[in-house]
Amino acid sequence: MIERLKKVSLPALSAFILFCSYHYGRILGVICFDIRQRTSDNSLVVRNRHQFKWFCLSCRLVSVTAVCCFCAPYVAEIEDPYEWLLQCFRLSASLICGTCIIVVQICYEKELLRMINSFLRLFRRVRRLSSSKRIGFGGKREFFLLLFKFICLVYELYCEVCQLWHLPDLLAWFSTLCEIFLEIGSLMIIHIGFVGYLSVAALYSEVNRFARTELRRQLRSLERPAGCPVGRRQLRIVEYRVDECISAYDEIERVGRTFHRLLELPVLVILLGKIFATTILSYEVIIRAELYPSKIGMWGLVVKSFADVILLTLAVHEAVSSSRMMRRLSLENFPITDHKEWHVKWEMFLSRLNFFEFRVRPLGLFEVSNEVILLFLSSMITYFTYVVQYGIQTNRL
């Protein structure tokens, strides 16, 4: 059994998790396109399905209407200020993100399909650079991040579906189902953002691996003692490989920037909503735990909301740090002897990397990095301490 587990490919498991997540997004109506193999070369390509897209849009519009007609009046009657604030922000975030999904599916459909096809084409192009064949997605870090994200998805679906068991009538069941469909669909935006930034990180990592090993070895082969010139054929081969590597870096940066621009606003809304929901849920669990029969389930929601923020931040950090890795591969690491035109080419490329640095700044407000995790952790610890002290002073704990 242990030997079989050792033979399991982590990139293949990551690809399987992505396959399951893709169909999960199709069920929720967020992903309304097909990913199929092209018959000519068996490569993956994205194709639009107009009928399924309009079916998804119709379901989302029905859900938005039902939530506005049945759920919003119920929220308006809530007397508890913390519960009212939590429900208002949750419904507002779901409606805003649901509207963003509709706008993207209608107005930015061609740009979205072009971007996804660019991702798939980039993966094929990067795999062709290396002589070793790789199957699947990413490596160990990508697998463990995807595994934690998949666990969060399963727990999220379980908590939402459990609301349907003990409803009094059909109208309540229908309105709750529409609310769940809209809320989970809106939360898919942060999951899609996580997968997109992790894909950018995986692309950068594969090109960095090629540059550190195979490209460096080919460049070192040009080092010859005096009187032993390098053949023109070998020069052309190495120059072609250098041009391919530089072009791959440029295209990854362009596709990553396009992805960030498309999902910038909805990811920011969901990210702020997650942080806000984590603070309100933690207050509810600590101060008013007697109102909730399942304390473990409520703490699970707090941890899950916290994990969504952490995983998105880690995916962004992986993408940014992988994009900066190329700077360390300076001209000293690539001995190109007396070929001055290559020196100029590398200097221009490295200066372009410094100028067009891949960063994630939602609406220019702040930069998503590991500092966000530290800030979030310190803020939550301070907040928990304050809530516990408040509960002790008011005799609620």
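Residues numbered from 1 in each chain as written. Predicted model: local features only at pLDDT ≥ 70, side-chain atom pairs only at ≥ 80, totals over all residues. Heavy atoms only, no water.

### Observations concerning the side chain of serine 186
Move 1: Following the sequence through the fold, serine 186 ends up in helix α7 (residues 170-220).
Move 2: The exposure class assigned to serine 186 is buried, which follows from its relative accessible area of 1%.
Move 3: A distance of 2.8 Å separates a polar atom in the side chain of serine 186 from the backbone oxygen of leucine 182.
Move 4: Other than its neighbours up to four places away in sequence, serine 186 contacts Ser94, Cys97, Gly98, Ile101 and Ile270. (Helix = DSSP H or I, 4+ residues; strand = E, 2+ residues; numbered from the N terminus. Buried < 20%, exposed > 50% of the residue type's maximum accessible area, 1.4 Å probe, protein only. Polar contact = N/O pair within 3.5 Å; in protein donor to acceptor, adjacent residues only side chain to side chain. Contact = heavy atoms within 4.5 Å.)

### Comments concerning a nonpolar patch on the surface
Move 1: A cluster of nonpolar residues, Val62, Phe70, Leu170, Leu171, Trp173, Phe174 and Leu177, forms a patch on the protein surface that exposes about 650 Å² of accessible area.
Move 2: Mapping valine 62 onto the fold places it in helix α3 (residues 50-76). (Patch = residues over 30% accessible without salt bridge, like charges linked within 9 Å, V, L, I, M, F, W, Y side chains within 5 Å. Areas by Shrake-Rupley, 256 points an atom, 1.4 Å probe, with all protein chains shown as cover. Salt bridge = Lys/Arg side-chain N within 4 Å of Asp/Glu carboxyl O.)

### A short note on the nonpolar core
Where a protein is soluble and globular, its nonpolar side chains tend to be buried together.
Move 1: By size, the foremost hydrophobic cluster in this structure holds 74 residues, and its most contacted members are Phe194, Tyr197 and Phe358.
Move 2: With 18 residues, the single largest contributor to this core is α7.
Move 3: Excluding residues that lie within four positions of it along the chain, phenylalanine 358 makes contacts with Tyr197, Val200, Tyr204, Gly256, Arg257, Ala319, Val320 and Ser323. (Core = buried A, V, L, I, M, F, W, Y, C linked by side-chain atoms within 4.5 Å.)

### A word on the pairing of strand β2 (residues 44-48)
Move 1: Examined bridge by bridge, strand β1 (residues 33-37) and β2 share five bridges and lie antiparallel to one another. Opposite isoleucine 35, over in β2, you have valine 46 as the bridge partner.
Move 2: Between β1 and the antiparallel strand that follows it, β2, lie six residues; asparagine 42 among them carries a positive phi value of about 60°. (Pairing = 2+ DSSP bridges.)

### Side note on the UniProt feature "transmembrane region" (unreviewed entry) in the chain
Move 1: The positions that UniProt labels "transmembrane region" (unreviewed entry) are, in the present scheme, residues 12-33, 54-76, 88-108, 143-166, 186-207, 262-286, 298-320 and 372-392.
Move 2: When the span residues 54-76 is considered, its composition is 100% helix and 0% strand, and the gap between its end C-alpha atoms is 32 Å.
Move 3: For residues 372-392, the helix share is 100%, the strand share is 0%, and the end-to-end C-alpha distance is 30 Å. (UniProt positions renumbered as here; feature names shortened; annotations may be inferred.)

### Description of the pattern of salt bridges
Move 1: Scanning the entire structure with this criterion turns up 15 salt bridges.
Move 2: Note that aspartate 34 is salt-bridged to arginine 26, the shortest N-O span being 2.9 Å. Grouping residues by exposure puts aspartate 34 and arginine 26 together as buried.
Move 3: Three or more residues are tied together by salt bridges with common partners; here these are Arg121, Arg125, Glu244, Glu251 and Arg254.

### Here we look at the packing of helix α2 (residues 10-27) against helix α6 (residues 140-161)
Move 1: Between α2 and α6, whose axes approach to 9 Å, the crossing angle comes to 30°. Considering their axes alone, α2 and α6 lie roughly parallel with respect to each other. Here the hand of the crossing between α2 and α6 comes out left-handed. Residue-level inspection shows Leu10, Leu13, Ser14, Ile17, Leu18, Cys20, Ser21 and Tyr24 of α2 in contact with α6, the latter providing Lys140, Glu142, Phe143, Leu146, Leu147, Phe150, Leu153, Glu156 and Leu157.
Move 2: Residue composition of the contact of α2 with α6, grouped by class: twelve nonpolar, two polar and three charged. (Axes fitted to C-alpha atoms, helices over the stretch in contact; angles between N-to-C directions. Parallel < 35°, antiparallel > 145°, perpendicular 65-115°, else oblique. Left-handed = near helix turned anticlockwise from the far one by under 90°. Nonpolar A, V, L, I, M, F, W, Y, C, P; charged D, E, K, R; others polar.)

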